[in-house]
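Overview (structure and organization)
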Amino acid sequence: MPTALITGITGQDGAYLSQLLLKKGYRVVGLLRRSASADVIGERLRWLGILDDVELVDGNLTDLSSLIRVVETVNPDEIYNLAAQSFVAASWQQPLLTGNVTGIGAVNVLEAARIVQSNARFYQASSSEMYGLIQEPVQNEKTPFYPRSPYAVAKLYAHWMTVNYRESFGMHASSGILFNHESPLRGIEFVTRKVTDGVARIKLGLANELALGNLDATRDWGHARDYVRAMYLMLQQEKPDDYVVATGRTTSIRDLCRIAFSVAGLNYEDYVVTNPAFLRPAEVEVLLGDATKAKTILGWEPETTLEGMIAEMVEADLARHSRYQNS
Ligand code: NAP
Ligand code: G4F
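Below, the structure is looked at part by part. (Residues numbered from 1 in each chain as written. Chains lettered and ligands numbered in written order. Predicted model: local features only at pLDDT ≥ 70, side-chain atom pairs only at ≥ 80, totals over all residues. Heavy atoms only, no water.)

Observations concerning the overall build of the chain
Put simply, the test is: Working definition: helices are DSSP H or I runs of at least four residues, strands are E runs of at least two. Numbering for both runs from the N terminus. Atoms counted for the radius of gyration: C-alpha only. Globule rule: 2.2 Å times the number of residues to the power 0.38. Throughout, a residue-residue contact means that at least one pair of heavy atoms, one from each residue, lies within 4.5 Å. Here, Shrake-Rupley sampling with a 1.4 Å probe gives the accessible areas, and only protein chains in the shown set may cover a residue.
For the chain, the count of helices and strands is eleven helices and 13 strands. Against the 2.2 N^0.38 benchmark of 20 Å for 327 residues, the chain shows a C-alpha radius of gyration of 19 Å, consistent with a compact globule. Over its C-alpha atoms, taken along the principal directions, the chain stretches across nearly 55 × 50 × 40 Å. The long-range share in the chain, meaning contacts at least 24 apart out of those at least 6 apart in sequence, stands at 80%. Accessible area of the chain: about 14,100 Å², with a carbon and sulfur share of 49%.

As structure tokens, then:
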């Protein structure tokens, strides 16, 4: 039975990746950072019905000693580094923490692996956010990066360190440059979930409007369930490498609202307002990925359409709020 160590197991991707690896017969161990809210910390794993099937071990990305101890005890065949301060907007408020966790934290994991178990296969959660002020209309593995947020700068450092550990130490270290991916388990602060949650509240009479920032930015949105499959496939390759994972379709926040409100039979123009508080100091206006390499080498294809995913998210938020109302 292969063993996978997942940092960020309590997040959206950690939950779906755990589900996938458990189905494939893995022993799944997740790094858990200490929190006073221990009762709610495994919510996403519980939602998928797998909380009791994974092992959780204490540690923090900012504490190299904890990571060394964890790698020693767990003895993983594969390490997926998904932990991060992942909310772009917060990275201007906490640039140093973002650098420490999202950037240096990734190198701490690489170091722990190199020191204790350098033959473990390593996955780094890189991001399309690194393209920032896009240098080409469609972004692939060869497109130059131009990060536009402290988060993106931290991710770029982690990305190049992953490449460097591969080239310097011969480690099986791969980097997935994943475009935005969402699901009912997406954090409520990200725009897709904020919108689907807003639709559910409005539909159930719990809110009258939804305040957003820039409605004209566009993103290449896929489903997290599809994207964790690409992570797994990267670590099954003989050679480590970097891959873009994307759908090849970009949609504005405005059109996302149109789709989400229509699932509930509502017109977004009647409810969506804009508030400058949600604008960013520097915006990533457009992202559109070309996943040809992942399709060709990994045999990966996205299976869920944007419309299907948004409908799933709206239905899940309607069910959540209806449950609270009835309890
Ligand atoms: P997420 O839901 O925000 O999950 C982040 C995870 O990191 C959580 O489990 C969190 O733990 C953990 N974490 C944060 N700080 C930590 C620390 N100091 N030590 C240990 N764990 C820590 O993120 P996601 O959407 O699943 O994304 C997974 C990864 O992919 C992230 O690295 C993200 O930056 C990257 N990425 C995401 C997307 C996307 O569209 N989702 C696209 C490209 C790249 P708590 O539960 O304790 O907070
Ligand atoms: O949903 P978002 O916060 O995601 P963002 O910034 O694209 O970052 C996500 O995807 C990255 C991959 O490219 C990941 F690396 C990162 O960890 C994260 O998962 O914002 C998407 C867009 C932005 O242009 C933002 O300005 O939506 C726009 N937006 C408009 N109104 C809003 C809002 N975003 C948020 N969060 N909240 C709003 O009210």
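Once you've had a look at it, read on.
Describing the site of ligand 2
For clarity, the threshold we go by: In these notes, residues near a molecule or strand are those with any non-hydrogen atom within 4 Å of it. Two N or O atoms form a polar contact when they lie within 3.5 Å of each other; inside protein one atom must be a possible hydrogen donor and the other a possible acceptor, and for residues adjacent in sequence the pair counts only when both atoms belong to side chains. Amino acids are sorted into nonpolar (Ala, Val, Leu, Ile, Met, Phe, Trp, Tyr, Cys and Pro), charged (Asp, Glu, Lys and Arg) and polar (every other residue, Gly among them).
Ser127, Ser128, Tyr151, Arg280 and Glu283 are the nearest of the 24 residues found near ligand 2. Contact between ligand 2 and Glu129: an oxygen atom at 3.4 Å from a main-chain N or O atom of the residue. Glu189 places a polar main-chain atom, nitrogen or oxygen, 2.9 Å from a nitrogen atom of ligand 2. Contact with the protein chains covers 95% of the free accessible surface of ligand 2, which is 710 Å². For the shell around ligand 2, the class distribution of residues is eleven nonpolar, six polar and seven charged.

Observations regarding the site of ligand 1
As a matter of local geometry, ligand 1 sits amid 24 residues, with Thr10, Arg33, Asn60, Ser86 and Tyr151 nearest to it. Within the contact set of ligand 1, an oxygen atom lies 3.0 Å away from a backbone nitrogen or oxygen of Gly11. Protein chains shield 88% of the accessible area of ligand 1, which is 910 Å² for the free molecule. Of all the secondary structure elements, the ones that give two or more residues to the shell around ligand 1 are α1 (12-23), β5 (121-127) and α6 (150-169). Each residue belonging to the shell around ligand 1 can be placed in one class, and the counts come to ten nonpolar, ten polar and four charged.

Some details on the pairing of strand β1 (residues 3-7)
Selection criterion: Type-normalised accessible area, obtained with a 1.4 Å probe on protein chains alone, sets the label of each residue: buried when under 20%, exposed when over 50%, and partly exposed for intermediate values. In this scheme, strands are said to pair when DSSP sees at least two bridges between them.
β1 sits mainly inside the fold: five of its five residues count as buried. Along β1, one buried face is formed by Thr3, Leu5 and Thr7 and the opposite face, lined by Ala4 and Ile6, is buried too. Sheet topology places β1 next to strand β2 (residues 27-32); five bridges connect them, and they run parallel. When the bridges of β2 are listed, Ile6 appears paired with Gly30. Where β1 lies against strand β4 (residues 78-81), four bridges are found, and the strand directions are parallel.

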